[in-house]
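# Structural overview for review
Given next are the chains, with one letter for each unit.
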There are 2 protein chains.
Amino acid sequence: MSESTARTMPDDSRFDILSAAAQCFMERGYHASSIDDVARSLGSTKGRVYHHFPSKADLFAEVFRTGMEMNYTAIEPYREKDIPAVMRWRHLATIHTGQMIRTKPFQRVVWEGVELHLRGATTPEQREVFARLLQYRTEYGLIFRKTIEEARDAGAMDFENLGIAAELMFMTLNSPIFWYSPRPDETEGDIDRLVGQIVTCAARGLGAS
Amino acid sequence: MSESTARTMPDDSRFDILSAAAQCFMERGYHASSIDDVARSLGSTKGRVYHHFPSKADLFAEVFRTGMEMNYTAIEPYREKDIPAVMRWRHLATIHTGQMIRTKPFQRVVWEGVELHLRGATTPEQREVFARLLQYRTEYGLIFRKTIEEARDAGAMDFENLGIAAELMFMTLNSPIFWYSPRPDETEGDIDRLVGQIVTCAARGLGAS
């Protein structure tokens, strides 16, 4: 991982590389992407990318971590907010779904990272890094899971099995990473309206009152 | 494609190869899988697999086609059944979700095939085959889409945008291909109960009465 790199580089240059990498990984997948592709899309040299990220695997892991970090930051204001759980869930779900749309390339990398790790398509050294990243993602998921559990216990949601309900909820909220593509002239209002439809669907699925 | 092979081979031998291949592709993904892996898992020779399927890409495409064919066959009795659309949808959704669980390796290959094709990770020759396979899948999706449209027009479902509703419905019904794993001593009744929870969640999402 590149924790030390993060502290010594100007953030914008670092984030430019991560954004270009996220886009490449999303478009081609991990295996078919190369540091060359990332450099080319930046109009930069391979050297510049390697200077900051020692390997493609390291770059991929850092895109994953950044994607999750952006999600944690976005939900922070509502995470512990003292309002009924069903309302807190609606805020969290709305923010999360917006993230899936607005930072889609990063979130696709998170998804692919989970797949690669579960398939064992990582080296022993990478496995440790990915195990930590997956743990980071699992803890994020638990925030939502606990919220819907609390809402159910308060009688504001109604579902049979917590684990299954949480899986189905996340599939719905995450789904734009597979089917969303920006339309020309799309406004922030259009995206908010799209997010609203997705969250409403998930809320109904959870039996929210 | 192997249409001619299909007609000249005993079905069980052919299906054994396809099942073993589906399992390998599911576990490792297309890129990391080899004909060698498939042969090894069959306790067979590479030659036997190559005898029936000229290449890994051909084998993958045939697993995809078989997965979709099994879905079409399964829903056939309800496809045109003369009952209210919302009831027809519930039958179709229940059968489809059961397919996602009971033939999961094949359905994961269908999913990966769509991803590979959309990412352009196919050769020009494969692209034509995959374009046909995707069309085959799109037509299957339209059966469900038309059914929920009919149900909405009859006032038995309530959602804002047909395209988005169909995407969210399929994400929910398909989701077991990502999170389901068989438990020890699991009965057909347990699977039916799981399918019931998934279909109920999707039905609620669609605003089914």
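Keep in mind the model is a prediction, meaning the values are calculated, not measured.

## Thoughts on helix α9 (residues 162–174) of chain B
Residues and elements named next belong to chain B. Look at α9: 18 Å from first C-alpha to last across 13 residues, which is about the 18 Å you get at 1.5 Å a residue. Most of α9 sits out of view: 11 of its 13 residues are buried. Those residues of α9 that fall on the buried side of the exposure criterion are L162, I164, A165, A166, L168, M169, F170, M171, T172, L173 and N174.

## Digging into the UniProt feature "DNA-binding region" (unreviewed entry) in chain A
Per the UniProt record, "DNA-binding region" (unreviewed entry) is annotated on residues 34–53 of chain A. Secondary structure across residues 34–53 of chain A divides into 75% helix and 0% strand, with the first and last C-alpha atoms of the span separated by 12 Å.

## Section: the environment of G141 of chain A
Residues and elements named next belong to chain A. Its location among the elements puts G141 in helix α8 (residues 124–153). Under the relative-accessibility criterion, G141 is labelled buried at 16%. Sequence spacing of G141 and T123 is 18 residues, and the spatial spacing of their C-alpha atoms is 26 Å.

## Digging into the interface of chain A and chain B
Contacts between chain A and chain B engage 31 residues on the former and 31 residues on the latter. Seen at the junction of chain A and chain B, the total is 8 salt bridges. E160 of chain B is paired through a salt bridge with R193 of chain A; the nearest N and O atoms lie 2.7 Å apart. Where chain A touches chain B, the interface holds 13 residue pairs in polar contact (both at pLDDT 80 or more). Within the residue set of the side of chain A that touches chain B, elements represented by two or more residues are α2 (11–28), α7 (104–118), α9 (162–174), α10 (176–179) and α11 (188–205) of chain A.

## Overview of the relation of the copies chain A and chain B
For the pair chain A and chain B, the best superposition has an RMSD of 0.0 Å and corresponds to a rotation of 180° with a translation of 0.0 Å parallel to the axis. Such a combination of rotation and displacement between the chain copies is what one expects of a two-fold axis.

## A word on the packing of aromatic side chains
Under the criterion given, the structure shown has 24 aromatic pairs over all chains. Ring geometry for F64 of chain A versus F130 of chain A: centroids 6.4 Å apart, planes at 85°, classification edge-to-face. A residue pair is termed long-range when its members are at least 10 positions apart, and F64 of chain A in helix α5 (residues 56–79) and F130 of chain A in helix α8 qualify at 66 residues. Taking relative accessible area as the criterion, F64 of chain A reaches 0% and is therefore assigned buried. Owing to a relative accessible area of 2%, F130 of chain A belongs among the buried residues under this scheme. On the basis of an interplanar angle of 50° and a centroid distance of 5.2 Å, the ring pair of Y140 of chain B and F144 of chain B is categorised as tilted. Taken as a pair, Y140 of chain B and F144 of chain B lie in helix α8 (residues 124–153) at a separation of 4 residues, close to a single helical turn. Taken together, the ring pairs in this structure connect F25, Y30, F60, F64 and F130 of chain A into an aromatic cluster. Above the ring of Y30 of chain A, the side-chain terminus of K56 of chain A is found at 4.4 Å from the ring centroid.

## What about the confidence of the model for chain A?
A low pLDDT score tells you not to read the predicted coordinates there in detail. Averaged over every residue, the pLDDT of chain A is 92; residues scoring 70 or more account for 94%. For the stretch residues 1–9 of chain A, pLDDT sits under 50, and the model shows 18 contacts to residues farther than four places along the chain or on other chains.

## Here we look at unusual backbone geometry
Residue and element names in this part refer to chain A. We note that D185 has phi near 65°; this positive angle belongs to a residue other than glycine. Here D185 is to be found in the loop between α10 and α11. Since its relative accessible area comes to 75%, D185 is described here as exposed.

## Observations regarding the side chain of E115 of chain B
With respect to the secondary-structure elements, E115 of chain B resides in helix α7 (residues 104–118). Residue classification places E115 of chain B among the buried residues on the basis of a relative accessible area of 16%. Setting aside its immediate chain neighbours within four residues, E115 of chain B contacts R108 and F178 of chain A.

## Examining the packing of helix α6 (residues 85–102) of chain A against α9 of chain A
Residue and element names in this part refer to chain A. Taken N-terminus to C-terminus, the directions of α6 and α9 make an angle of 45°; their axes are 9 Å apart at the nearest point. Viewed along their axes, α6 and α9 adopt a mutual orientation that is oblique. On α9, the residues touching W89, A93, H96, T97 and M100 of α6 are M169, F170, L173 and N174. In the contact of α6 with α9, the residues fall into 6 nonpolar, 3 polar and no charged.

What counts as what
- Within any chain, residue numbers begin from 1 and follow the written order of that chain's sequence.
- Ligands are numbered from 1 and chains lettered from A, in the order in which they are written.
- For this predicted model, a pLDDT threshold of at least 70 governs which residues receive local features, and a threshold of 80 or more governs which side-chain atom pairs are given and counted, while totals over whole chains, interfaces and linings are taken from all residues.
- Values shown for side chains rest on all heavy atoms present in the structure; no hydrogens or waters enter the calculation.
- A helix here means a DSSP run of H or I that spans at least four residues, while a strand means a run of E at least two residues long, and both kinds are numbered starting from the N terminus.
- A helix is expected to span 1.5 Å for every residue after the first.
- The classification of residues rests on relative accessible area computed with a 1.4 Å probe and restricted to protein chains. Under 20% of the type maximum is buried, over 50% is exposed, and intermediate values are partly exposed.
- UniProt positions are given in the numbering used here, feature names are shortened, and annotations may be inferred rather than shown by experiment.
- We call two residues in contact whenever any of their non-hydrogen atoms come within 4.5 Å of each other.
- A pair is scored as a salt bridge if a Lys or Arg side-chain nitrogen falls within 4 Å of a carboxyl oxygen belonging to Asp or Glu.
- N or O atoms closer than or at 3.5 Å make up a polar contact, with two conditions inside protein: a donor-capable atom paired with an acceptor-capable one, and, for residues adjacent in sequence, both atoms drawn from side chains.
- Superposing copies: least-squares fit, C-alpha atoms only, residues required to have pLDDT of at least 70 in both.
- Side-chain rings of Phe, Tyr and Trp, where Trp is taken by its six-membered ring, are said to pair if the distance between their centres is within 6.5 Å; with planes under 30 degrees apart they count as stacked, over 60 as edge-to-face, and otherwise as tilted.
- Whether a charge sits over a ring depends on NZ of Lys or CZ of Arg being within 6 Å of the ring centre and within 35 degrees of the ring normal.
- Per residue, pLDDT captures the predictor's confidence, and it can take any value from 0 to 100.
- Structural elements are reduced to axes, namely lines fitted to C-alpha atoms, with helices fitted over the stretch in contact, and the angle between N-to-C directions of any two is expressed from 0 to 180 degrees.
- Should an angle fall under 35 degrees it is called roughly parallel, over 145 degrees roughly antiparallel, and 65 to 115 degrees roughly perpendicular, with every other angle called oblique.
- Three classes are used: nonpolar for Ala, Val, Leu, Ile, Met, Phe, Trp, Tyr, Cys and Pro, charged for Asp, Glu, Lys and Arg, and polar for all others, with Gly counted as polar.

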